[in-house]
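Now for the letters of each chain:
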Amino acid sequence: MTDKKGNVWVFIEQEEGKIADVSLELVCKARELAGKLGTKVEGVLLGDKLTSCVDPLYHYGCETVYMAEDPRLEPFTVQPYAKVIIDLIKQHKPNILMFGATHKGRELGPRVASEKLAGLTADCTELEIDDFDDKVNKNFYKDKLMQIRPAFGGNIIATIVNTWDDPQMVTVREGVMKMDAPDTGRKGKLVKVVPELSDADTVVKVIERVREEKSVNLKGAQIIVAGGYGVGSKDNFKLIEQLAEALGGEIAASRAAVDAGWIDHDHQVGQTGVTVRPKLYIACGISGSIQHRAGMDESMKIIAINTDPDAPIFSVAHYGIVGDLNSIVPQMIKAFKAKA
Amino acid sequence: MSYKILVFVKQVPDTQNISGDAMKPDGTVNRAALPAIFNPEDLNALELALQLKDKYGAKVVAGTMGPPNAAEVLREAMYRGADEAVLLSDRAFAGADTLATSYALSCCANKIGKYDLILCGRQAIDGDTAQVGPQLAEKLALPQISYVEEILELSKNKVKARREIEGGYEVVEAPLPALMTVIDANEPRPAAARRLMKYKKARTPFELSRDHANANYTDAEALAVEQENLKSRGLLITEYSASEVGADIQRTGLNGSPTKVKKIQNVVLKATDSKMIEANEAGITELIHELIADHTLG
């Protein structure tokens, strides 16, 4: 293929002018991908009154920022955002387009992909550039985006390739990609975009909006104590809280514990939750599905407590304790308090 | 005035209980090897539709795309309160990714005709992608409200709903017809005993002819009579093929799927330098002391 390649785009999500961490993480990943492809990193920033967002985007690695400011783009609604992005795609033909797998990204990405007839892979845990030799259909694709994600209950890891027209679209959860330090010396180009919106694009009206910043900051935590289905009950989750409090850590959970209603989704670690890399991760009663491990296996030290000696969590643990967390957790609290 | 509500549901493999032959060599799912269930959030979508039926009066049509056996979830939808059911089934749909699925469902919705609302579960547990709802909305050029918790008001021209956003909620309003994806924020009603007695006899034409063939019963006329009989009692599940909904088979199934599976790896656990700790006071105390000594703790 000799035709000029499109750039690597990141949808920049913002709330009241504050850029979402996941967008900055994706800009950093985009730098790596664009480096391999020999193309540029470009951000797509939509909303109203956004000028303060632009410089940080340069610092993290955007070489171009397409900025659309319009009162009709604030607060976020899907259709006008999709319209502006589709128009930009048609005009500039990016090679790759990444969204954070947030509430917004997960409702906007598919709407854009559907109109563009592009493939979209959700919740990727790794992204790489490689060739794809499609032997079934006898096609060879050079330098495609390998979209890697656990699939099917975590029993397999699938590498997915978008073989149609660009862009190759993916969503990625917060914390999965690492955020590099910004370089304030970096400069970029601002392209102001005038949205072309019709009344039909803005039929969904937001009447009331209530939100607060997340009270949990798992990504920044040094110590995390996480509970899974093996904790047994909502009441018993207090043990997890007590250990976290004693050690000065944050409380986390596996999906099974969140689904059981014992704790809020903000605390969920894993492919469909947050990815964390703390100094210490204590997994209590968590069997350790691939989706959960994908969110925590880069922790510096991992302690696993489980009654089942064959639980997969032990394969990633630095310290394994086979036994009942109901007696082990109190012993840990006691031992720490005695020493500290 | 009575509303017409389409609820698209999916029969999904129970991903909690997976056996080794769950995947085919081409990287698609071998559904035959897995227990199949009603996708949980689709039950929440059905429940919202049934609440609207109770409150405002509505005809609720449950639709699904899947193999012939997917008729089972349609019967379950009827046990709970759906008035009609439509199965979209064709080999041409096999191996569809989310884009090809939403295209096929859009053809089905157009075939069913005029509707006021389409409800879908936010996501299915076999893929967790949450893409088909928004893609279907785009294909049908409908306003889209995602992550709906509750429908606050339905009137002739518009719907008002409360939806989840990151860290809170929104109340939004959209004109009809509209599409909503629904999250796990209600308690789906169980099957009603009386409805179960009635609708357990519901069949697709395919199932009916299969029953006849299994009984070595080959009278085509008798089959046609029985089909008419089921239909007159509201027990015939409508079945559409790709051509019957006017789908272009270049846009369905594997043909219509831009994403291809390059490879599948079985999960290999990486070996970590792991140390087993005795589950007693001495072992745990030693571990805590070790972590304090290397500054992981304290």
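Placed above this text is the structure.
Treat the numbers as computed from the prediction; the structure is a model and nothing was measured.

A. Quick peek at the overall build of chain B. Looking only at helices and strands, chain B features 8 helices and 13 strands. Principal-axis analysis of the C-alpha atoms gives chain B an extent of 80 × 50 × 40 Å. For chain B, the residues scored as buried account for 49% of the 298 residues in total. Within chain B, contacts between residues separated by at least 24 positions form 70% of all contacts whose residues are at least 6 apart in sequence. Approximately 13500 Å² of chain B is accessible, and the part contributed by carbon and sulfur atoms is 49%. Here chain B carries 35 positive and 41 negative side-chain charges, and the mean point of each set is 7 Å from the other.

B. Quick peek at the sheet that holds strand E8 (residues 158-165) of chain B. Spatially, 10 strands are ordered E13(A)-E9(B)-E8(B)-E7(B)-E10(B)-E6(B)-E1(B)-E4(B)-E5(B)-E11(B) in an open sheet, and the strand pairing comes out mixed. Two strands lie at the open edges of the sheet, namely strand E13 (205-211) of chain A together with strand E11 (238-240) of chain B, each paired on one side alone. In this sheet, neighbouring strand axes are inclined to one another by 30 degrees on average, regardless of whether the strands run parallel or antiparallel. Both strand E6 (residues 117-121) of chain B and strand E10 (residues 178-182) of chain B contribute to a ladder of 5 bridges, which runs parallel. Looking at the pairing, B:Gly121 lines up with B:Val182 of E10(B). Across the sheet, helix H1 (residues 40-56) of chain B touches strand E1 (3-8), strand E4 (58-65), E6, strand E7 (144-154) and E10 of chain B, and the angle it forms with E7(B) is around 20 degrees. Running over the sheet, helix H4 (residues 132-139) of chain B touches E1, E6, E7 and E10 of chain B and is turned about 180 degrees from E10(B).

C. Region of interest: the interface of chain A and chain B. On the chain B side, the residues contacting the 79 residues of chain A number 79 residues. Each partner contributes to the roughly 6800 Å² buried at the junction of chain A and chain B, and carbon and sulfur atoms together form 58% of this total. For the interface between chain A and chain B, the tally reads 6 salt bridges. Taken together, the connections running from chain A to chain B amount to 39 residue pairs in polar contact (both at pLDDT 80 or more). Per element, the largest residue contribution to the side of chain A that touches chain B is 9 residues, and it comes from helix H4 (residues 103-116) of chain A. Here strand E10 (residues 156-162) of chain A runs beside strand E12 (residues 259-266) of chain B; their pairing, made up of 7 bridges, is antiparallel. Residue pairing in the sheet places A:Thr159 in a bridge with B:Lys263 of E12(B).

D. A look at the pairing of strand E6 (residues 96-100) of chain A. Residue and element names in this part refer to chain A. Counting buried positions over the 5 residues of E6 gives 5, a clear majority of the element. Alternating residues of E6 divide into Ile-96, Met-98 and Gly-100 and Leu-97 and Phe-99, and every residue in both groups is buried. Inspection of the sheet shows E6 paired to strand E11 (residues 168-172) by 5 bridges, in the parallel sense. Counterpart to Phe-99 in the pairing with E11 is Thr-171.

E. Broad picture of unusual backbone geometry. Residue A:Pro75 is bonded to the preceding A:Glu74 through a cis peptide linkage, with omega at -5 degrees. Its place among the elements puts A:Pro75 in the loop between strand E5 (64-69) and helix H3 (78-92). The amide bond that connects B:Leu176 to the next residue, B:Pro177, takes the cis arrangement and shows omega of -5 degrees. By the secondary structure assignment, B:Pro177 is in the loop between strand E9 (168-175) and E10. Even without being a glycine, B:Ala130 presents a positive backbone phi close to 60 degrees.

F. Representation of empty space enclosed by the protein within the structure. Tallied over the full model, the rule gives 4 cavities of 30 Å³ or more. In this model, the largest cavity occupies a volume close to 80 Å³. What lines the largest cavity is a set of 13 residues, and nearest its centre among them are A:Thr77, A:Val78, A:Val204, B:Gln144 and B:Arg163. Of all elements in the fold, only H3 of chain A together with E7 and E9 of chain B reach the threshold of two or more residues within the lining of the largest cavity. Here the lining of the largest cavity takes 3 residues from E7(B), the largest share from any one element. Counted by class, the lining of the largest cavity contains 6 nonpolar, 4 polar and 3 charged residues. There is about 60 Å³ of room inside the second largest cavity. Every residue lining the second largest cavity is listed: A:Phe11, A:Ile12, A:Glu13, A:Gln14, A:Glu15, A:Leu46, A:Glu74, A:Phe76, A:Tyr81, A:Lys104 and A:Arg209. Mapped by element, the contributors of at least two residues to the lining of the second largest cavity are strand E1 (8-12) and strand E2 (14-15) of chain A. Among the residues making up the lining of the second largest cavity, the classes are represented as 5 nonpolar, 1 polar and 5 charged.

G. Quick peek at the nonpolar core. By size, the foremost hydrophobic cluster in this structure holds 47 residues, and its most contacted members are B:Val7, B:Leu117, B:Val159 and B:Met180. Among the elements that take part in this core, H1(B) stands out by supplying 7 residues, more than any other. The contact partners of B:Leu117, leaving out residues within four places of it in the chain, are B:Lys4, B:Ile5, B:Leu6, B:Leu52, B:Ile151, B:Leu154, B:Val159, B:Leu176, B:Ala178 and B:Met180. Counting 36 residues, the second largest nonpolar core, distinct from the first, contains A:Leu239, A:Ile305, A:Ile321 and A:Ile333.

So, how was this worked out
- Residues numbered from 1 in each chain as written.
- Chains lettered and ligands numbered in written order.
- Predicted model: local features only at pLDDT ≥ 70, side-chain atom pairs only at ≥ 80, totals over all residues.
- Heavy atoms only, no water.
- Helix = DSSP H or I, 4+ residues; strand = E, 2+ residues; numbered from the N terminus.
- Buried < 20%, exposed > 50% of the residue type's maximum accessible area, 1.4 Å probe, protein only.
- Contact = heavy atoms within 4.5 Å.
- Areas by Shrake-Rupley, 256 points an atom, 1.4 Å probe, with all protein chains shown as cover.
- Lys, Arg positive; Asp, Glu negative; His and termini not counted.
- Charge placed at Lys NZ, Arg CZ, Asp CG, Glu CD.
- Pairing = 2+ DSSP bridges.
- Axes fitted to C-alpha atoms, helices over the stretch in contact; angles between N-to-C directions.
- Buried area = accessible area lost by both parts, 1.4 Å probe.
- Salt bridge = Lys/Arg side-chain N within 4 Å of Asp/Glu carboxyl O.
- Polar contact = N/O pair within 3.5 Å; in protein donor to acceptor, adjacent residues only side chain to side chain.
- 1 Å grid on protein atoms, 1.4 Å probe; cavity = no way out; pocket = protein on both sides within 12 Å on 5 of 7 lines; lining within 4 Å.
- Points joined across faces, edges and corners; volume = space filled by probe spheres on them.
- Nonpolar A, V, L, I, M, F, W, Y, C, P; charged D, E, K, R; others polar.
- Core = buried A, V, L, I, M, F, W, Y, C linked by side-chain atoms within 4.5 Å.

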